[in-house]
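Commentary on secondary and tertiary structure
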Amino acid sequence: MNDTRAKVLICIFLMVATFCIYSQVQDHEFLSFDDPIYIQNPNVKAGFTSESVKWAFTTMDSEDWSPVNWLSHMLDYQLYGMHPKGHHLTNLFFHIANALLLFMVLHRMTGALWQSGFVAAMFAFHPLNVESVAWAAERKNVLSTLFWLMTMWAYIHYAEKPTVKRYGLVFLFFTLGLMSKPMLVTLPFVLLLLDYWPLRRLKFEQERGGNETSEKNTARRSEVFRLVLEKIPLFLLSVVFSIINFIAATKSLQAFSVPLKERIIHSLITYLAYLQKMFWPSKLSSFYPYPENALSVTQGIFCGMVLVGITFISIRLIRKAPYFAVGWFWYLGTLVPVIGIFVQAGWAAMADRYAYIPLIGIFIIIAWGFPELIMNWRYKKKALVTLAVIVIPLAIMTTWVQVSYWKNDIILYKHAIDVAEKKYPGLARTHNNLGIALFDQQKNEEAISHYKMAIKLKPTHAKAHYNLGIILFAEGKNEEAISHYKMAIKLNPNYTNAHYNLGIVLVQKGEMKEAVHHFRETVRLRPDLVAARDNLELALLRLQELE
């Protein structure tokens, strides 16, 4: 098979297989978690107006600054309205484009057809990437990765013939990627890795003389300096975006702070956890609760030693197997923004979507390393074909099943609870979210059980108390509802909705004086809430009549 024909067939296979695996997303619903923020947002639903575009470039409602992401959701809303099918298909088309771009970029850099195809296939089919594609709110992940790969493509052309125009294209795509999701801040470091392998702009060679072989670094300091210097604008852009988004993230996540020692231990464990899930993708979940006090120092030290050991080996083999060092440092480096050392992302220990770009580095190690490992085998080609025939279909089947869990809230949250560690307080959020979904489906008894489980796991979960109050009030159990509303307010004195709903129940009980107090609190917290003002006036009139 000639090279061109093989490339075309690989691209067709990637497109068709990826679409077939994810085609079920056409029947999926929007989720209650983050989808309302990104898609049902009034500013997004306003479409492309001067005010909405200005809002997209100034808001940090999503815990980061990502105007290009907001603009993509606005465009989707103008095209599809509130029909989930179109929004999900857009994510899928971006994922397919990413897989094709990854294949073409690797093949252009290395000339290795089948290794590049294998990496692209694992990226397209691996179940760990389902969250990024099947969750409409994660548009920013697939969109930013598209710009990441376009930046790499532009950089290849720049490396072949450095010009200002070609560098400008690299800078443009990188900027658009950062404006889609700030996780791209590590891309300049990856470009430096690619300078060593496979672009070989930084070379290490051997010189022979007499009977002795001496190893000499032919890349002088000036050449290394030049490669770093040309990326200074990219590094500066990364620094600016890192500062902006660090401020945004710390403001949003200030309610959940973790000591630095615990963050380091947890990060070391998480690095290996992602690898474990890549090689054995079982118990994948939409939410992994943070272990909090259950972190093991011994486990953290062990994981740290393993990471240092692999890093040491990769450096020792850097000339013999440069792909190993590049792939490993790609993985380590690109996970830094989301590994939890600098900012702990709320109650989540990790997230499948964070591995979308980092695991490309590990796929590269496997694709280039395994053939070299069995280089002297008699049946090398048969072994490689057999491996591909086993691994790729297994990934496809596992991914198909994983995609089905993202159909709606109830299926997703039930699966998350089934596979999660039951002892962690962070799991209370999943039980609470499931309770909301069940209540929407009028499955009150089941919803109550999950709200109570959320409170059992985390007694200070104000939202679970509030939601339990709502459903108990709907069931006519006013005394119990009042108890949980009051607990929600005790845990969060500025809980506007809890004050308002408590006022409603108290009016029904005839306790006007206390109802007036909670309506006044509601108006203080939300002066624009007309219903609260109306109910306050009515409660005051009733109170005067009673007096």
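This structure is a prediction, so every number in the text was calculated from the model and none was measured.

The subject of this paragraph is the overall build of the chain. Tallying secondary structure elements over the chain gives 26 helices and four strands in all. Rg of the C-alpha trace for the chain: 27 Å, near the compact-globule value of 24 Å for 547 residues, within the 12% margin. In terms of overall dimensions, the chain has C-alpha extents of about 110 × 50 × 45 Å along its principal axes. Counting all 547 residues of the chain, 53% fall into the buried class. Within the chain, counting contacts between residues at least 6 apart in sequence, those at least 24 apart form 72% of the total. As displayed, the chain offers around 26400 Å² of accessible surface, 61% of which is attributable to carbon and sulfur atoms. For the chain, the separation between the mean place of its 54 positive charges and that of its 41 negative charges on side chains is 10 Å.

On to the nonpolar core. Residues M152 and Y331 are the most contacted members of the largest nonpolar core, which totals 168 residues. At 12 residues, the largest contribution of residues to this core is made by helix α6 (residues 84-110). Not counting residues within four places of it along the chain, the set of residues in contact with Y331 comprises Y271, Y274, L275, P358, L359 and I362.

This part covers a nonpolar patch on the surface. Side chains of V224, F225, V228, L229, I232 and L236 sit close together on the surface and give an oily, nonpolar patch of about 520 Å² of accessible area. Contributing elements (two or more residues each) for the nonpolar patch: α12 (221-229) and α13 (232-252). With four residues, α12 is the largest single contributor of residues to the nonpolar patch. You can see L236 is positioned in helix α13.

For the pair helix α21 (residues 444-457) and helix α22 (residues 462-474), the least separation of the axes is 9 Å and the interaxial angle reads 155°. In this view, α21 runs roughly antiparallel relative to α22, as classed from their interaxial angle. For α21 against α22, the interelement crossing comes out left-handed. Seen from α21, the contacting residues are N444, A447, I448, Y451, K452, A454 and I455; seen from α22, they are A464, H465, N467, L468, I471 and L472. When the residues that make up the contact of α21 with α22 are grouped by side-chain class, the tally is nine nonpolar, three polar and one charged.

Relative to the helices and strands, Y167 is located in helix α10 (residues 164-178). Residue Y167 is classed as buried on the basis of its relative accessible area, which comes to 16%. Residues Y167 and Y155, spaced 12 residues apart in sequence, show a C-alpha to C-alpha distance of 7.3 Å. Sequence-distant contacts of Y167, that is, excluding residues within four places in its chain, are made with Y158, E230, K231, P233 and L234.

A separate point is the packing of aromatic side chains. This model, assessed by the stated rule, comprises 19 aromatic pairs. Between F33 and W135 the ring centres are 5.7 Å apart and the planes differ by 20°, which places this aromatic pair in the stacked class. Remark: W135 occurs in the loop between α8 (130-134) and α9 (139-160) and F33 occurs in the loop between α1 (3-22) and α2 (35-38); sequence separation between them is 102 residues. Ring geometry for W65 versus F241: centroids 5.6 Å apart, planes at 45°, classification tilted. Here W65 is found in the loop between α4 (50-56) and α5 (67-80), whereas its partner F241 is found in helix α13, with 176 residues between them in sequence. Across the pair, exposure class does not vary: W65 and F241 are buried alike. One aromatic cluster in this structure is built from F33, W135 and W406.

Evaluation of the coordinates by the stated rule reveals 15 salt bridges. Put simply, E230 and K231 hold a salt bridge, and the shortest N to O gap is 2.8 Å. Of the two residues, E230 and K231, both sit in the buried class. For the salt bridge of K486 with E514, the shortest nitrogen-to-oxygen distance reads 3.2 Å. With a gap of 28 residues between them, K486 in helix α23 (residues 478-491) and E514 in helix α25 (residues 512-525) connect regions that are remote in the sequence.

Turning our attention to the confidence of the model for the chain. With 94% of its residues at a pLDDT of 70 or more, the chain shows a mean pLDDT of 91. Within the model, the stretch residues 206-215 combines pLDDT values under 50 with nine contacts to residues more than four positions away or in other chains.

Before going further, it helps to spend a moment on α5. Helix length check: α5, at 14 residues, gives a terminal C-alpha distance of 20 Å against a target of 20 Å (1.5 Å per residue), a fit within 8%. All buried positions along α5 are accounted for by P67, V68, N69, W70, L71, S72, H73, M74 and D76. If you follow the buried residues of α5, they end up packed against α2, α3 (42-45), α4, α6, α9 and α10.

Quick look at α9 now. Between the first and last C-alpha of α9 there are 32 Å, a value that for 22 residues agrees with the 32 Å anticipated at 1.5 Å per step. Counting buried positions along α9 gives 18 out of 22 residues, so the element sits mostly inside the fold.

Turning to the packing of helix α19 (residues 409-419) against helix α20 (residues 428-440), a few remarks are in order. For the pair α19 and α20, the least separation of the axes is 9 Å and the interaxial angle reads 150°. By the angle between their axes, α19 is roughly antiparallel relative to α20. As for the relative orientation of α19 and α20, their crossing is left-handed in sense. Mapping the contact onto sequence places D409, I410, Y413, K414, A416 and I417 in α19 and T430, H431, N433, L434, A437 and L438 in α20. In the contact of α19 with α20, the residues fall into seven nonpolar, three polar and two charged.

Thresholds applied
Residues numbered from 1 in each chain as written. Predicted model: local features only at pLDDT ≥ 70, side-chain atom pairs only at ≥ 80, totals over all residues. Heavy atoms only, no water. Helix = DSSP H or I, 4+ residues; strand = E, 2+ residues; numbered from the N terminus. Rg over C-alpha atoms; globule rule 2.2 N^0.38 Å. Buried < 20%, exposed > 50% of the residue type's maximum accessible area, 1.4 Å probe, protein only. Contact = heavy atoms within 4.5 Å. Areas by Shrake-Rupley, 256 points an atom, 1.4 Å probe, with all protein chains shown as cover. Lys, Arg positive; Asp, Glu negative; His and termini not counted. Charge placed at Lys NZ, Arg CZ, Asp CG, Glu CD. Core = buried A, V, L, I, M, F, W, Y, C linked by side-chain atoms within 4.5 Å. Patch = residues over 30% accessible without salt bridge, like charges linked within 9 Å, V, L, I, M, F, W, Y side chains within 5 Å. Salt bridge = Lys/Arg side-chain N within 4 Å of Asp/Glu carboxyl O. Axes fitted to C-alpha atoms, helices over the stretch in contact; angles between N-to-C directions. Parallel < 35°, antiparallel > 145°, perpendicular 65-115°, else oblique. Left-handed = near helix turned anticlockwise from the far one by under 90°. Nonpolar A, V, L, I, M, F, W, Y, C, P; charged D, E, K, R; others polar. Phe/Tyr/Trp six-rings, centres within 6.5 Å; stacked < 30°, edge-to-face > 60°. pLDDT = per-residue confidence, 0-100. Expected span 1.5 Å × (residues − 1).

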